[in-house]
Amino acid sequence: MPKNKKKELPKDKFFKKVEEMKMALTFDDVRLKSGYSEIMPDQVDLNSKFSKNIPLKIPLVSAAMDTVTEHQMGIGMALLGGLGVIHKNMAPEEQASKVAKVKYYLNGFIDKPICVRQNQTVAEILRMKEEKEFSFNTFPVVDGNNRLVGIISRNDFDFCQENSVQAKEIMSKSVISAPKETGLKKAYQIMIDSKKKVLPIIDKDRKIVGIYVFRDVSRIMMKNPAGYNTDKSGQLIAAAAIGVNDFERLEMLIEKKVNAVVIDTAHADTKSVIETLKEIKKNYKIDVIAGNVSEATSVKRLAKAGADGIKVGQGPGSICTTRIVAGIGSPQLSAVYKCSKEAFKHGIPICADGGIKFSGDIPIAIGAGASSVMMGGMLSGTKEAPGDVIFRDGRQWKIYRGMGSIGAMEEHKGSRERYLQSSSAKKELVAEGVEGLKPYKGELNKVMFQYINGLRRGMGYVGAGNIEELRDKADFIRISGAGKDESHPHNVIITREPPNYSIDR
Ligand code: XMP
């Protein structure tokens, strides 16, 4: 987004009147006006940005919460064209290893494969496998000069009767390998033809320079990579949360090639966030998203400090109690509008964080000015969210809790820092969130299909062919309580809930 000149948009008049009345609105207060359209929902272009240099193929991002985004969600979101922000309620090493799992998910080619030496014993190899928690069982075997001499796989281990024998005694010596320049497609074909699960890649001296693993390669070949959100090196895009002055964590994340970091705080318009932001922008080449704020003046300060993206939302979240406990915050629709208006001048994308209850809130948030929407509760019941499925009252559930809930703050320093209580004793914690359950919803792509297509439909009604057009063309009408009731199913006993509409009880 280049720096932009002020332009008058249809929604400006609406929000001017709202401001004149000293009011602020949220999603349920409004609906988008429908307009003349030549756009079919399946034709719309959903490309957008999370921050200046982080693209999105769909404008949806999963929240940096310990019941929403770890590597499974990060992978799932990026495969769908969106993005996951991996939470920071864990040690920096652990968070970095989760980032690595997202980054290496599409790595058909592994350039530093784990090899074993031909004179290592089976016992030594098995011990190493256990210590390093390797989940794979196939290892290229090399001589003292790193030259490929064989391969050991699960069968060799399973049928080995004496663990003191050396690798060279049980390895398979007839190895199918390929030269350095072998690409993904060719490697796939070689592995299919030879029925080999691993293809070592060697240079002219037979030194091993990498391997292809069939499971990964076939996953890439079978799916549609055009829809994935990938970086220049073809890896899935990953983002992660950090705290104030969290430089050790930052360095570990950068080492694992994280694409962007989010300075994740409940209030970003503070000296400590601004100083952290400036320090990162001065010393590292990485996109930094700062959040959360809900006022235009805060956006201005963060923009001047170098933010590449800004996250808006103070208290709209489904598990938040900040507005109730601290009495602050602006209803989310007005917050997004005010902040986007300022961010537009600086060419910075806004992410609307929190408060999305139905897919219809997504085009509303974008129409108000956001470039992307962050969701917690809408994704927390999926298989990809961390945590086990719980049985209760004859139904399946998953735990969803606020990062400022007592449970999250008691367990994790990251949560206490987010709510400025890092030095508080456990008994003195002041919660700004609750802990609860969400119905189990199954696989992420099924749930996201509904959200993405809800957005597409909204854009079709507005006549917006892409995300920028939705922001430019959107206009709103204020609805009454009766209008809201009318919008929901009424005067009917629902006998079958569709997959995109249910009221959590
Ligand atoms: P949704 O509505 O998608 O909101 O469930 C997710 C967003 O809520 C924020 N968040 C919190 N806010 N207290 C708060 O006031 C909390 O304990 C809390 N935990 C998460 C966060 O911005 C998240 O993305």
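What counts and what doesn't
- Residues numbered from 1 in each chain as written.
- Predicted model: local features only at pLDDT ≥ 70, side-chain atom pairs only at ≥ 80, totals over all residues.
- Heavy atoms only, no water.
- Domains from an automatic or database assignment.
- Patch = residues over 30% accessible without salt bridge, like charges linked within 9 Å, V, L, I, M, F, W, Y side chains within 5 Å.
- Areas by Shrake-Rupley, 256 points an atom, 1.4 Å probe, with all protein chains shown as cover.
- Salt bridge = Lys/Arg side-chain N within 4 Å of Asp/Glu carboxyl O.
- Lys, Arg positive; Asp, Glu negative; His and termini not counted.
- Charge placed at Lys NZ, Arg CZ, Asp CG, Glu CD.
- Helix = DSSP H or I, 4+ residues; strand = E, 2+ residues; numbered from the N terminus.
- Pairing = 2+ DSSP bridges.
- Contact = heavy atoms within 4.5 Å.
- Axes fitted to C-alpha atoms, helices over the stretch in contact; angles between N-to-C directions.
- Phe/Tyr/Trp six-rings, centres within 6.5 Å; stacked < 30°, edge-to-face > 60°.
- Buried < 20%, exposed > 50% of the residue type's maximum accessible area, 1.4 Å probe, protein only.
- Lys NZ or Arg CZ within 6 Å of the ring centre and 35° of its normal.
- 1 Å grid on protein atoms, 1.4 Å probe; cavity = no way out; pocket = protein on both sides within 12 Å on 5 of 7 lines; lining within 4 Å.
- Points joined across faces, edges and corners; volume = space filled by probe spheres on them.
- Nonpolar A, V, L, I, M, F, W, Y, C, P; charged D, E, K, R; others polar.
- Near = heavy atom within 4 Å.
- Polar contact = N/O pair within 3.5 Å; in protein donor to acceptor, adjacent residues only side chain to side chain.
- Right-handed = clockwise from strand over helix to strand, strands pointing away.

1. Regarding the domain arrangement of the protein
Domain annotation of the protein identifies domain 1 (10-106 + 227-487) and domain 2 (109-222). Computed from C-alpha atoms alone, the centre-to-centre distance between domain 1 and domain 2 is 41 Å.

2. Observations regarding a negative patch on the surface
On the surface, a cluster of negative charge is contributed by Glu93, Glu94, Glu248, Glu251 and Glu255. Of all the secondary-structure elements, those providing two or more residues to the negative patch are helix H3 (92-103) and helix H9 (247-255). Sorting elements by how many residues they give to the negative patch places H9 first, with 3 residues. Secondary-structure assignment places Glu94 in helix H3.

3. Topic: the sheet that holds strand E8 (residues 139-142)
The strand order across the open sheet built from 3 strands is E7-E8-E9, with neighbouring strands paired in mixed fashion. Edge strands, defined here as strands with exactly one partner in the open sheet, are strand E7 (116-117) and strand E9 (148-152). Where E8 lies against E9, 4 bridges are found, and the strand directions are antiparallel. Note that in E9 the partner of Val141 across the bridge is Gly150. Sheet strands in contact with helix H4 (residues 122-131) are E7, E8 and E9, and its direction is about 135° off that of E8.

4. Here we look at the packing of aromatic side chains
Per the stated rule, a full pass over the model turns up 10 aromatic pairs. With 6.0 Å between their ring centres and 40° between their planes, Phe14 and Phe476 make a pair best called tilted. On the criterion of sequence distance, the pair formed by Phe14 in helix H1 (residues 10-20) and Phe476 in strand E22 (residues 476-478) is long-range, its members being 462 residues apart. The same class applies to Phe14 as to Phe476, namely buried. On the basis of an interplanar angle of 5° and a centroid distance of 5.8 Å, the ring pair of Tyr188 and Phe214 is categorised as stacked. Within this pair, whereas Tyr188 is found in helix H7 (residues 184-194), its partner Phe214 is found in helix H8 (residues 214-222), the two being separated by 26 residues in sequence. Residue class for Phe214 comes out partly exposed when judged on its relative accessible area of 24%. Through a chain of ring-to-ring contacts, the aromatic side chains of Phe14, Phe15, Tyr337 and Phe476 assemble into a single cluster. Sitting over the ring of Trp397, Arg395 keeps its end group 5.2 Å from the ring centre.

5. What to know about the layout of surface pockets
One number sums up the size of the largest pocket: a volume of about 2000 Å³. Along its surface, the largest pocket is lined by 46 residues, and Ile110, Phe136, Val213, Arg215 and Asp216 are the ones closest to its centre. Where the lining of the largest pocket is concerned, the elements lending two or more residues are helix H2 (71-79), H3, strand E6 (109-110), helix H5 (154-158), strand E12 (208-213) and H8. Tallied by class, the residues present in the lining of the largest pocket amount to 18 nonpolar, 13 polar and 15 charged. Both domains that meet at the lining of the largest pocket, namely domain 1 (10-106 + 227-487) and domain 2 (109-222), each give it at least three residues.

6. A look at the site of the ligand
Near the ligand you find 24 residues, and of these Cys320, Thr322, Asp353, Tyr400 and Glu432 are the closest. Here Thr322 contributes a side-chain N or O atom positioned 2.5 Å from an oxygen atom of the ligand. Within the side chain of Arg418, an N or O atom sits 3.4 Å from an oxygen atom of the ligand. Here the ligand has 510 Å² of accessible area as a free molecule, and 96% of this is covered by the chains. By residue class, the composition of the shell around the ligand is 9 nonpolar, 12 polar and 3 charged.

7. Some thoughts on the pairing of strand E15 (residues 287-293)
The side chains of a regular strand alternate, first on one face of the sheet and then on the other. Counting buried residues in E15 gives 7 out of 7 residues, a clear majority hidden from the surface. Alignment of strand E14 (residues 260-264) against E15, held across 5 bridges, turns out to be parallel. Note on E15: the bridge partner recorded for Val261 is Val288. For the segment spanning E14, helix H10 (residues 271-283) and E15, crossover handedness is right-handed.

8. Side note on a nonpolar patch on the surface
Residues Ile324, Val325 and Val430 make up a contiguous nonpolar surface patch of about 300 Å² in total accessible area. On the secondary structure map, Val325 appears in helix H12 (residues 322-326).

9. Here we look at the sheet that holds strand E4 (residues 60-62)
Here 8 strands make up a closed barrel; going around it, the order is E4-E5-E13-E14-E15-E16-E17-E18 and the pairing parallel. Going from strand to strand, the sheet's axes swing by 25° on average, the running direction of each strand aside. In the sheet, strand E16 (residues 309-312) pairs with strand E17 (residues 350-353) via 3 bridges, with the strands oriented parallel. By the bridge assignment for E17, Lys311 is matched with Cys351. Each of E15 and E16 is contacted by helix H11 (residues 296-304), which is oriented at about 160° to E15, the strand it contacts most. Packing of helix H13 (residues 332-346) onto the sheet brings it into contact with E15, E16 and E17, and relative to E17 it is tilted by some 170°.

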